[in-house]
2 protein chains.
Amino acid sequence: MRDITQLSPKQIRDLIRKGKWDKPTAGLAMGYAQANLVILPQKNAFDFLLFCQRNPKPCPLLEVLESGKFQPGFLSLDADIRTDIPRYHIYQKGNLHSTVKDIKSFWKPDFVSFLLGCSFSFEEALLRAKIPVRHIEENKNVSMYISSIPCKPAGVFHGPLVVTMRPIPLEQVTRTVQITSRYAFVHGAPIHIGDPSKIGIRNLKQPDFGDPVTIRKGETPVFWACGVTPQAVVMKAKPDFCITHAPGHMFISDLLNEELAIL
Amino acid sequence: MRDITQLSPKQIRDLIRKGKWDKPTAGLAMGYAQANLVILPQKNAFDFLLFCQRNPKPCPLLEVLESGKFQPGFLSLDADIRTDIPRYHIYQKGNLHSTVKDIKSFWKPDFVSFLLGCSFSFEEALLRAKIPVRHIEENKNVSMYISSIPCKPAGVFHGPLVVTMRPIPLEQVTRTVQITSRYAFVHGAPIHIGDPSKIGIRNLKQPDFGDPVTIRKGETPVFWACGVTPQAVVMKAKPDFCITHAPGHMFISDLLNEELAIL
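Please read these numbers as outputs of a predicted model, since none were measured by experiment.

Asks: It is not clear to me how the overall build of chain A should be interpreted in this structure. Could you clarify?
Replies: Along its length, chain A carries seven helices and 11 strands. If one aligns the C-alpha atoms of chain A with their principal axes, the spans along those axes are about 55 × 45 × 35 Å. Burial statistics for chain A: of 263 residues in total, 57% are counted as buried. Taking all contacts inside chain A whose residues are at least 6 apart in sequence as the whole, residues at least 24 apart take part in 78%. Accessible surface, chain A: about 11,200 Å² in total, of which carbon and sulfur atoms supply 55%. Of note, chain A has its 32 positive side-chain charges centred 3 Å away from the centre of its 24 negative side-chain charges.

Asks: What's the story with the packing of aromatic side chains in this structure? I'm lost.
Replies: The way to describe two aromatic rings as a pair is by their centre distance and the angle between their planes. Using the criterion set out here, one finds 13 aromatic pairs over all chains in the structure. Considering the side-chain rings of A:F111 and A:F241, the 5.6 Å spacing of their centres and the 15° angle between planes classify their relative orientation as stacked. Pair noted here: A:F111 is in strand 5 (residues 111-117) and A:F241 is in strand 10 (residues 241-245), with a separation of 130 residues, a long-range link. As far as the burial class goes, A:F111 and A:F241 line up, both buried. Centroid distance B:W107 to B:F111: 5.3 Å. Interplanar angle 80°. Geometry classified as edge-to-face. Neither B:W107 nor B:F111 differs from the other in exposure class; each is buried.

Asks: Would you explain the pattern of salt bridges in this entry?
Replies: Residue and element names in this part refer to chain B. By the definition in use, this model includes 38 salt bridges over all chains. Two residues, K69 and E66, come together in a salt bridge whose shortest N-O distance is 4.0 Å. Exposure remark for K69: the relative accessible area of 47% places this residue in the partly exposed category. Under the relative-accessibility criterion, E66 is labelled buried at 15%. Here R134 and E137 are joined by a salt bridge, their closest N and O atoms 2.9 Å apart.

Asks: Would you explain the relation of the copies chain B and chain A in this entry?
Replies: One chain copy maps onto the other through a rotation about an axis and a shift parallel to that axis. Superposition record for chain B on chain A: RMSD 0.0 Å, screw rotation 180°, translation along axis 0.0 Å. In symmetry terms, the pair is related by a two-fold rotation axis. Relative to the rotation axis, the closest C-alpha in chain B is found at B:F46, a distance of 2.6 Å. Most of the interface of chain B is mirrored in chain A: 100% of its interface residues are interface residues there too.

What counts and how
- Residues numbered from 1 in each chain as written.
- Chains lettered and ligands numbered in written order.
- Predicted model: local features only at pLDDT ≥ 70, side-chain atom pairs only at ≥ 80, totals over all residues.
- Heavy atoms only, no water.
- Helix = DSSP H or I, 4+ residues; strand = E, 2+ residues; numbered from the N terminus.
- Buried < 20%, exposed > 50% of the residue type's maximum accessible area, 1.4 Å probe, protein only.
- Contact = heavy atoms within 4.5 Å.
- Areas by Shrake-Rupley, 256 points an atom, 1.4 Å probe, with all protein chains shown as cover.
- Lys, Arg positive; Asp, Glu negative; His and termini not counted.
- Charge placed at Lys NZ, Arg CZ, Asp CG, Glu CD.
- Phe/Tyr/Trp six-rings, centres within 6.5 Å; stacked < 30°, edge-to-face > 60°.
- Salt bridge = Lys/Arg side-chain N within 4 Å of Asp/Glu carboxyl O.
- Least-squares fit on C-alpha atoms with pLDDT ≥ 70 in both.

Printed below as a string of structure tokens:
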């Protein structure tokens, strides 16, 4: 196989569809936006769409496929979200039922699919500006924390905002705000800068998800809304049925991150 | 009565609630965001919410009140959308049934209310930057045109993008893009600059809605998505029942336009 990092989104989706790639998608199709997936039955869809409207920072909707549709029309024109993600999680009443590489056999005509932006997009922009992204440097998963900030509830969906943290050198904090602000559709500007206790985080060394990373002298922790938030909120609501991508195994779109930037 | 233009949003809403102000809201509570209103039965709500998600430029959702709720929780904490708008239009199957000053007697527990941003917010920012807003100078209604750009459909909702046009001196076009880009939640950046025929407009002197305005030598027409779009789309879909604000008679919120700016 050719070096997969050199392949186009379409070529990678093709490999995934054929079952030839079932690993995480970080580092693939650099420059192109990747998306989180949440699939819910129609009866939960209005409430979840409203939850995303009310909480755009953790839930930056890139595309919603109405009842029964499995082909995006904005993020790609030739994809099938039932087969083009490396691994899916199937949940029943909030419990993980199975991890699968294809959801065709689970598909129902009342499924509504939500594709949400992810922070890979702005991390690439930070790296281009020579701003360090510590977990990438240390080859770890990003540090994630359950904050004390409540999301705005909608119907059955409610819960705290989950945040990611990246340590940023003090002299680069302003630039970091400027750069990430351009990516409003992929978690956008930081939600908090500095003292973690202000947003209910006691110990940065003990993230709730992901790995702890090194914070160097002269660096401040900077926090962004995290795409784990909607997944946590959905699990908590225990819908009869739900399908998501497996963490890190994202949908690779044909849209450039630059096409999602607001300015 | 004191000069109404000097009153706070709360004071103006109080006058409106008591039936003491039933005129347009342009020029009132300067600095504060005003909102368009669309109320639909729950059965149409998912499709309309999805339409807004897919067409954020003409449909910049500021707040959605779920089934039966009539008190906003974001735009204001003490308002009642059944009484706090000067005039409402009641539609049955897409036809105007009546114009009323209070919708309490029409209210049903399955009504979902959508409050959408309006261009007053960015016009104020243009004026502050000494960029002319011709229809205000000429004391007219803004020029509106049905463009050839289709909105992205959602369920029963579909139709063309309606745009507003403001003539801008060529040397101020870049600044105009910069300033209005900050107001992404109130129709945001222009959707087109220059030659009207590119977006299907034949004659700027014959707007589809509103009034024609003078275009001076050295000025170019600049086009923005218009809040008439969702109203036109809803009328076309002929839902059993729908309530909107009467044109120009908006909901005055407690949020400053600056609080809605993205940068």
